[in-house]
Amino acid sequence: MIDKQALEQFIQTRLENTDYFIVDVSVSQSNDIVVEIDHPEAVDLDFCIELNRAIENAFPRDDEDYSLEVGSAGLTAPFKVPGQYHKNIGREVEVLTRDGRKLKGVLDAADAAGFTIGVEEKVKREGMKRPVTETRQITMGYPDAKYVKVLLKF
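Structural notes, computed from the coordinates. (Residues numbered from 1 in each chain as written. Predicted model: local features only at pLDDT ≥ 70, side-chain atom pairs only at ≥ 80, totals over all residues. Heavy atoms only, no water.)

**Describing the nonpolar core**
Phase 1: The biggest cluster of nonpolar side chains holds 19 residues, and the ones touching the most others in it are Leu-7, Ile-11, Leu-15, Ile-33, Val-35, Ile-37 and Ile-55.
Phase 2: In this structure, Ile-11 is in contact with Ile-22, Val-25, Val-35, Leu-51 and Ile-55, ignoring residues within four places of it in sequence.
Phase 3: Among the nonpolar cores identified, the runner-up in size contains 16 residues, and Leu-103, Ala-110, Val-119 and Val-150 belong to it. (Core = buried A, V, L, I, M, F, W, Y, C linked by side-chain atoms within 4.5 Å. Buried < 20%, exposed > 50% of the residue type's maximum accessible area, 1.4 Å probe, protein only. Contact = heavy atoms within 4.5 Å.)

In structure tokens, the structure reads:
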């Protein structure tokens, strides 16, 4: 079986001095390798092909046979690494919290500890006939969310 740590280290070295970052590397028992990368703007198909070839050269199939897939993280897939949060600041996201609440709002900030979303809520103010919409900032740590993903609207 391919050494996952050696593979991740090799990929990280290849991504140095680029804006690309690793989202996930998985190696199954049957040596099916899936490498997910991302970029703050967009993942270039030619870059994926180049990385695929570099991996094949560094880990020859003659030594150990495997299947290899290199691609971008899915647009609707939950975020796995902080880089994805940074990339999607300003976009509408859906958050499922560990306590089962589902929140929808705009991803406003992200740092090493967690992220902040702006959630719109209807609030009934004293003396007003109708409720008004206000944006409330909710900050949480990465472990507090079961998943966070971009909310696509068509």
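**Observations concerning the environment of Asp-111**
Phase 1: Turning to its location among the elements, Asp-111 is positioned in the loop between strand S5 (102-110) and strand S6 (114-123).
Phase 2: Separated by 88 residues in the primary sequence, Asp-111 and Val-23 place their C-alpha atoms 16 Å from one another.
Phase 3: Not counting the four nearest positions on each side in its chain, Asp-111 is found in contact with His-86 and Tyr-142. (Helix = DSSP H or I, 4+ residues; strand = E, 2+ residues; numbered from the N terminus.)

**Description of the environment of Glu-64**
Phase 1: For Glu-64, the position within the fold is in the loop between helix H2 (45-58) and strand S3 (67-72).
Phase 2: Exposure remark for Glu-64: the relative accessible area of 25% places this residue in the partly exposed category.
Phase 3: The spatial distance from the C-alpha of Glu-64 to the C-alpha of Ile-2 is 7.4 Å, given a sequence separation of 62 residues.

**Some points on the pattern of salt bridges**
Phase 1: Evaluation of the coordinates by the stated rule reveals eight salt bridges.
Phase 2: Residues Asp-24 and Lys-80 are paired through a salt bridge, measuring 3.4 Å at the closest nitrogen-oxygen approach. In this pair, Asp-24 sits in strand S1 (residues 21-27) while Lys-80 sits in the loop between S3 and helix H3 (82-87), placing the two residues 56 residues apart along the sequence.
Phase 3: A relative accessible area of 27% places Asp-24 in the partly exposed class.
Phase 4: A salt bridge links Asp-38 to Lys-87; the shortest N-O distance between them is 2.6 Å. Of this pair, Asp-38 sits in strand S2 (residues 32-38) while Lys-87 sits in helix H3, placing them 49 residues apart in sequence.
Phase 5: Assessed through its relative accessible area of 5%, Asp-38 is described here as buried.
Phase 6: With relative accessibility at 27%, the residue Lys-87 sits in the partly exposed group.
Phase 7: Residues participating in the shared-partner salt-bridge network are Asp-24, Glu-36 and Lys-80. (Salt bridge = Lys/Arg side-chain N within 4 Å of Asp/Glu carboxyl O.)

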